Amino acid sequence: MRATTIHGPRDIRVSEVPDPTIEAPTDAVVKVVAGCICGSDLWPYRGENDITPGATIGHECVGVVAEVGPEVRTVRPGDFVIVPFDHCDNTCPHCLAGAQSACVNLGFTVSGQAEYARVTQADGSLVATQGAPDAGLLPSLLTLADVLPTGWHAAVSAGVREGGTAVVVGDGAVGLCGVLAAAVMGAETIVAMSRHQPRQELARRFGATHVVAERGDDGTAAIMEITGGVGADAVLECVGTDQAMRTAFSIARPGSTVGFVGVPHGVELPVRRMFQRNIGLSGGMAPTRRYVPELLELVLAGRIEPGLVFDSTLPLDEVAEGYRAMDERRAIKVLVEP
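Below you will find a few notes about this structure. (Residues numbered from 1 in each chain as written. Predicted model: local features only at pLDDT ≥ 70, side-chain atom pairs only at ≥ 80, totals over all residues. Heavy atoms only, no water.)

Topic: the overall build of the protein
Counting its regular elements, the protein contains 12 helices and 18 strands. A compact globule built from 338 residues should have a C-alpha radius of gyration of about 20 Å, and the protein, at 19 Å, falls within 12% of that. Relative to its 338 residues, the protein shows a buried fraction of 55%. A total of about 14,000 Å² of accessible surface is found on the protein, and carbon and sulfur atoms cover 48% of it. With 26 positive and 40 negative side-chain charges, the protein shows a separation of 5 Å between the mean positions of the two kinds. (Helix = DSSP H or I, 4+ residues; strand = E, 2+ residues; numbered from the N terminus. Rg over C-alpha atoms; globule rule 2.2 N^0.38 Å. Buried < 20%, exposed > 50% of the residue type's maximum accessible area, 1.4 Å probe, protein only. Areas by Shrake-Rupley, 256 points an atom, 1.4 Å probe, with all protein chains shown as cover. Lys, Arg positive; Asp, Glu negative; His and termini not counted. Charge placed at Lys NZ, Arg CZ, Asp CG, Glu CD.)

Now the structure itself:
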């Protein structure tokens, strides 16, 4: 099959690789209808993460079940499915506690930007829709594979509440989905920290009541002005850098929680400030399967349109341009069609 492969920093290619196969009785193989590039894919692309030259890349996709293992019961060939990026059996003690991203049988999608992908725990992971979706729904359904549940997880972890104040640090697709999540959860004041006009506009469309373009001390001062010097009831950290984490804790009110979903790179927690102001930290890798059923209902009912985070669609053969566009912040999120 054709698949996106990474060979070194900023070296993305489309290569012929072996088709995925059923390796365990709980596996399924999905024919990818749509995949996409994630902000976390940019870490290895930029050389910040170790890579294996020639490895496939891409963990977000939706598609049609092509083949299932003998123990798979909940989906069958021909079903259109959402493919959570982190696979789980959904029955182990961690899954039952809502921590599906720590499943004892955890697996991951590794060829979401390709023609086919293998799912290691099909029964626990895949969520089928009622028949093939309309083309207009496809982008929003694709967000359910990762980016929307991740933004939602940030909001849940931060304790966003009805009538409260939520500040989102990060204006990538995850941060924008965090804004959307805070709006659905009923936050009265939602601040998006963003310096880029297209992202600011989408944040407002998703429910942001304020936009703060400043960073560092100036950004903190702006948040304090908006909140009357109190700080945020909930902070969603959706970047993963030390600067973003420090900003999150500088704007969090005493007794609040920072919900973090940005993959950490070089982060040092301000533990003394956390101690002195009783600010908590919660979050981590999103338990995607936990949230998909609820979010799927919201999408199908037309209550939310998270697919608006896709501002570029490219064929698989042009996936390298998609990486360049996201790396250079010319695109928020790129949808890839095999």
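Considering the pattern of salt bridges
Within the structure shown, the criterion is met by 16 salt bridges. Between Glu-23 and Arg-118 there is a salt bridge whose closest N-O contact spans 3.6 Å. Residue Glu-23 is located in the loop between strand S2 (11-16) and strand S3 (28-36), and its partner Arg-118 is located in strand S9 (residues 116-119); the two are separated by 95 residues in the primary sequence. Overall, the relative accessible area of 23% leaves Arg-118 in the partly exposed class. Among the charged side chains, a salt-bridge network with shared partners connects Glu-321, Arg-324, Glu-328 and Arg-330. (Salt bridge = Lys/Arg side-chain N within 4 Å of Asp/Glu carboxyl O.)

Focus: the sheet that holds strand S4 (residues 55-56)
Strand order across the open sheet formed by 3 strands is S2-S1-S4, with antiparallel pairing between neighbours. For this open sheet the edge positions go to S2 and S4, each flanked by a neighbour on one side alone. Relative to S2, helix H12 (residues 319-327) is tilted by about 160°, and along the sheet it contacts strand S1 (2-8) and S2. (Pairing = 2+ DSSP bridges. Contact = heavy atoms within 4.5 Å. Axes fitted to C-alpha atoms, helices over the stretch in contact; angles between N-to-C directions.)

A few points about the layout of surface pockets
Quantified by volume, the second largest pocket comes out at close to 160 Å³. What lines the second largest pocket is Met-1, Val-17, Pro-18, Pro-20, Glu-23, Thr-56, Phe-108, Val-110, Ser-111, Ala-117, Arg-118 and Thr-120. Of the residues assigned to the lining of the second largest pocket, the class counts are 7 nonpolar, 3 polar and 2 charged. (1 Å grid on protein atoms, 1.4 Å probe; cavity = no way out; pocket = protein on both sides within 12 Å on 5 of 7 lines; lining within 4 Å. Points joined across faces, edges and corners; volume = space filled by probe spheres on them. Nonpolar A, V, L, I, M, F, W, Y, C, P; charged D, E, K, R; others polar.)

Thoughts on the packing of aromatic side chains
Aromatic ring pairs are described here by two measures, namely the spacing of the ring centres and the angle between the planes. Under the definition given, this model contains 2 aromatic pairs. Where Tyr-45 meets Tyr-323, the ring centres are 5.2 Å apart and the plane angle is 40°; that geometry is what we call tilted. In this pair, Tyr-45 sits in helix H1 (residues 42-45) while Tyr-323 sits in helix H12, placing the two residues 278 residues apart along the sequence. Assessed through its relative accessible area of 3%, Tyr-45 is described here as buried. The exposure class of Tyr-323 is buried, given its relative accessible area of 0%. (Phe/Tyr/Trp six-rings, centres within 6.5 Å; stacked < 30°, edge-to-face > 60°.)

Observations concerning the nonpolar core
Core analysis: the biggest nonpolar cluster contains 50 residues, and Leu-144, Val-160, Leu-236 and Val-309 have the highest contact counts within it. No other element matches the 8 residues that helix H6 (residues 173-184) contributes to this core. The next biggest cluster of nonpolar side chains, apart from the first, holds 19 residues, and it includes Ile-223, Ala-244, Ala-248 and Phe-249. (Core = buried A, V, L, I, M, F, W, Y, C linked by side-chain atoms within 4.5 Å.)

A few points about a nonpolar patch on the surface
Side chains of Leu-106, Phe-108, Val-110 and Met-285 sit close together on the surface and give an oily, nonpolar patch of about 330 Å² of accessible area. Looking at the secondary structure, you find Met-285 in the loop between strand S16 (280-283) and helix H11 (288-300). (Patch = residues over 30% accessible without salt bridge, like charges linked within 9 Å, V, L, I, M, F, W, Y side chains within 5 Å.)

Things to note about the pairing of strand S5 (residues 61-68)
Look at any regular strand and the pattern is simple: side chains alternate between the two faces of the sheet. Bridge count for S3 against S5 is 7 bridges, and the pairing is antiparallel. The residue of S5 that forms the bridge with Val-32 is Gly-63. By the bridge criterion, 4 bridges tie S5 to strand S6 (residues 80-83) in an arrangement that is antiparallel. The partner of Cys-61 across the bridge, within S6, is Val-83.

Some thoughts on unusual backbone geometry
At Arg-10, a residue that is not glycine, the phi angle is positive and equals roughly 60°. Relative to the elements of secondary structure, Arg-10 occurs in the loop between S1 and S2.

With respect to the environment of Tyr-291
Secondary-structure assignment places Tyr-291 in helix H11. Sequence separation between Tyr-291 and Ser-125 is 166 residues; the distance between their C-alpha atoms is 11 Å. Residues contacting Tyr-291, with those up to four places away along its chain left out, are Pro-149, Trp-152, His-153 and Val-156.

In short, geometric facts, not functional conclusions.
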